Amino acid sequence: MLRLRYREAATHFAAARRLVPDGAIAQRRDYLEREADALYSLGKQSSDNGALAGAIEGYRSLLNLYSRSAEPHAWAETMHNLGNTLQALGEREHGTERLDEAVAAYRLALEERTRARVPLHWAMTQNNLGIVLMSLGERQSGTAQLEEAVVVYRLALEEWTRAREPLDWAMTQNNLGNALWSLGQRQSGTAQLEEAVVAYRLALEEWTRAREPLDWALTQNNLGAALWVLGERETGTARLEEAVVAFRLALEERTRARVPRYWAMTQNNLGTVLTSLGERESGTARLEEAVLAFRLALEEWTQADVPRDWAKTQNNLGAALRALGARESGTARLEEAVLAFRLALEEWTQARAPLDWAKTQNNLGIALRALGERESGTARLEEAVAAYRAALEEQPRARVPLYWAQIQNNLGNALLALGARESGTARLKEAVVAFRLALEEWTRASTPLDWALTQNNLGSALTSLGERESGTVLLEEAVVVFQLALEILSPTDSAHYWDMVNRNLAQVKAGIKRRQP
């Protein structure tokens, strides 16, 4: 109903503007501004990208009716609104042209909206500049724009204080948390992720459910995302369980009827953390629930309306299906996973979204490897190796060390599977190298669970090599490696992995015993 009213309002203001005499500039500007505002609200609250494009055209026309020198405040406000609309549309597109234009618009607005002249408006534009810088930073391999976003948010908080503007302060704390979360995902430590959690919890002190239910839900969603990333790096599941609670709370206010696109976002996020929990458990209930959550999200996040979000959810659906397929004897789920990843790659191309393309290539490689291990031939395994090597082209160690380590580990697994089917040892030795490289970035201190699982994989490669050589040196090294992994894993918090490593350890010990006189 609200969308219909915005559309009716825009049509009404456009008609009224066309009736204004040529000399009545002020009245023409007023109707044009109202028309653009209505189109922006329509496009922002729906999937109507045409409305956002119309708003951009309206604000650009409005700028031509203002004199910057004579009316600097009105000119700057219009430039600020243009930035908002460019940012909203740019978020939905693959390229960064609109986002770059939004940055330029905000920077121009800040030339007139100075801190000395209008401190609160200055803070507002700084906050919005931070949002678009973060969006750009998430699409690039470096961290410069994410770091600038953090600086910009902290500047905004100097004027938007809790005492003066509690709701704007809360909004900026939430946005600061988003930037810190994005940075923390790319770095080995957890300091910035912990800072993000603090920022979100501060925001929730003012953005309460009673006062601002949708903003409260937004922050619960973001808090869940930060807790999920922290939980991914820990052996326990407490943070992951907290993340599930946060997402479920968010969904109590972010209903499909009220805000369908945001409902889809939180369904996608809930699916992601359920996948993480499901991968650590022996059962499949969480993974099945994750698949359901992703499929629900895809009902609103369609390829036509939001192609980037659709691709992200296809990728996440593929990950959940892959994890389910790994626990089943058939290959149907794995084939579905491969299909989901290939669908994601239709939108996440190397040219449009190189980082997302690389992540999906990595995930595709995992699914292909799982299929290849169940087939007698090596074609799927060779495809998996090719997918990992392609991913490494866009995820170099210098830019994204943790993702690089993940791909090295996965490459090692594919090489290990290939090596097991060949009489030589070249592939197995390549696998050992890949696992050791991964361990240079996935350290025990920074990412203990990933470190432990990679130690397990290294142990498997050493076992395979040792079985083809005389003596027990490599087999004994495998024992040490498996025991290192067990120092991190727990039969309660990570039972599935604990059992797997113990089986591998028992196997290699039996192999050593057979060779002893």
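Residues numbered from 1 in each chain as written. Predicted model: local features only at pLDDT ≥ 70, side-chain atom pairs only at ≥ 80, totals over all residues. Heavy atoms only, no water.

## Observations concerning the overall build of the protein chain
Worth spelling out the cut-off: Each helix is a run of H or I in the DSSP string that is no shorter than four residues. Each strand is a run of E no shorter than two, and both are numbered from the N terminus. For the radius of gyration, the atom set is restricted to C-alpha positions; the globular benchmark scales as 2.2 Å times the number of residues to the power 0.38. Throughout this description, buried means an accessible area under 20% of the type-specific maximum (1.4 Å probe, protein chains only), exposed means over 50%, and partly exposed covers the range between.
Counting its secondary structure elements, the protein chain contains 22 helices and zero strands. Against the 2.2 N^0.38 benchmark of 24 Å for 517 residues, the protein chain shows a C-alpha radius of gyration of 26 Å, consistent with a compact globule. For the protein chain, the spread of C-alpha atoms along the principal axes amounts to about 105 × 45 × 40 Å. Taking all 517 residues of the protein chain together, 56% fall into the buried category.

## Looking at the nonpolar core
What counts is decided by this rule: Here, nonpolar core refers to any group of buried Ala, Val, Leu, Ile, Met, Phe, Trp, Tyr and Cys residues whose side-chain atoms link them within 4.5 Å. Should any heavy atoms of two residues lie within 4.5 Å, those residues are considered in contact.
In this structure, Leu129, Trp181 and Val273 are the most contacted members of the largest nonpolar core, which totals 157 residues. Apart from residues no more than four positions distant in its own chain, Val273 is found in contact with Trp228, Leu240, Ala243, Val244 and Phe247.

## Remarks on helix H9 (residues 191-206)
An α-helix turns once every 3.6 residues. As a result, residues three or four positions apart point the same way. Going by this rule: Take the number of residues in a helix, subtract one, and multiply by 1.5 Å to get its expected span.
The end-to-end C-alpha separation of H9 is 24 Å, in line with the 22 Å expected for 16 residues at 1.5 Å each. Listed as buried for H9 are Gln192, Leu193, Ala196, Val197, Ala199, Tyr200, Ala203, Leu204 and Glu206. The inward-facing, buried residues of H9 contact helix H8 (166-186) and helix H10 (213-232).

## Structural notes on the pattern of salt bridges
Close approach of charged atoms lets side chains of opposite charge pair. Definition in use: A side-chain nitrogen of Lys or Arg and a carboxyl oxygen of Asp or Glu constitute a salt bridge if their distance falls within 4 Å.
In this structure the tally under the stated criterion is 48 salt bridges. In this structure, Arg333 engages Glu328 in a salt bridge whose closest nitrogen and oxygen atoms are separated by 3.3 Å. Judged by its relative accessible area of 18%, Arg333 falls in the buried class. Overall, Glu328 belongs to the partly exposed group, its relative accessible area being 28%. The residue Arg389 makes a salt bridge to Glu430 at a minimum N-O spacing of 3.3 Å. One end of the pair, Arg389, is in helix H17 (residues 379-394); the other, Glu430, is in helix H19 (residues 426-441), and 41 residues separate them in sequence. Via salt bridges that share partners, Arg68, Glu111, Glu112 and Arg117 belong to a single interconnected network.

## A word on helix H18 (residues 401-420)
Here H18 spans 28 Å end to end across 20 residues, near enough to the 28 Å set by a 1.5 Å rise per residue. When you tally the buried positions in H18, you get 18 out of 20 residues, the bulk of the element.

## Examining the environment of Thr96
Here Thr96 shows up in the loop between helix H4 (72-90) and helix H5 (97-112). Separated by 257 residues in sequence, Thr96 and Ala353 place their C-alpha atoms 9.7 Å apart. Setting aside residues up to four positions removed in sequence, Thr96 forms contacts with Leu136 and Arg139.

## Quick look at the side chain of Ser460
Note that Ser460 resides in helix H20 (residues 448-467). With relative accessibility at 19%, the residue Ser460 sits in the buried group. Excluding anything up to four places from it in sequence, Ser460 contacts Leu416, Phe482 and Asn504.

## Here we look at the packing of helix H13 (residues 285-300) against helix H14 (residues 307-325)
To keep things clear, this is the line we draw: Convention adopted: a line fitted to C-alpha atoms gives each axis, helices being fitted over their contacting stretch, and angles between N-to-C directions are expressed from 0 to 180 degrees. Throughout this description, any angle smaller than 35 degrees is read as roughly parallel, any larger than 145 degrees as roughly antiparallel, any in the 65 to 115 degree range as roughly perpendicular, and the remainder as oblique. By convention the crossing between two helices is left-handed if the near helix lies anticlockwise of the far one by an angle smaller than a right angle, and right-handed if it lies clockwise. Note on residue categories: nonpolar means Ala, Val, Leu, Ile, Met, Phe, Trp, Tyr, Cys or Pro, charged means Asp, Glu, Lys or Arg, and polar means any other residue, Gly included.
Orientation of H13 relative to H14, taken along the N-to-C sense of each, is 160°, at an axis distance of 9 Å. By the criterion of interaxial angle, the relationship of H13 to H14 is roughly antiparallel. For H13 against H14, the interelement crossing comes out left-handed. Seen from H13, the contacting residues are Leu287, Glu288, Ala290, Val291, Phe294, Arg295, Ala297 and Leu298; seen from H14, they are Trp310, Thr313, Gln314, Asn316, Leu317, Ala320, Leu321, Ala323 and Leu324. Looking at side-chain class alone, the contact of H13 with H14 contains twelve nonpolar, three polar and two charged residues.

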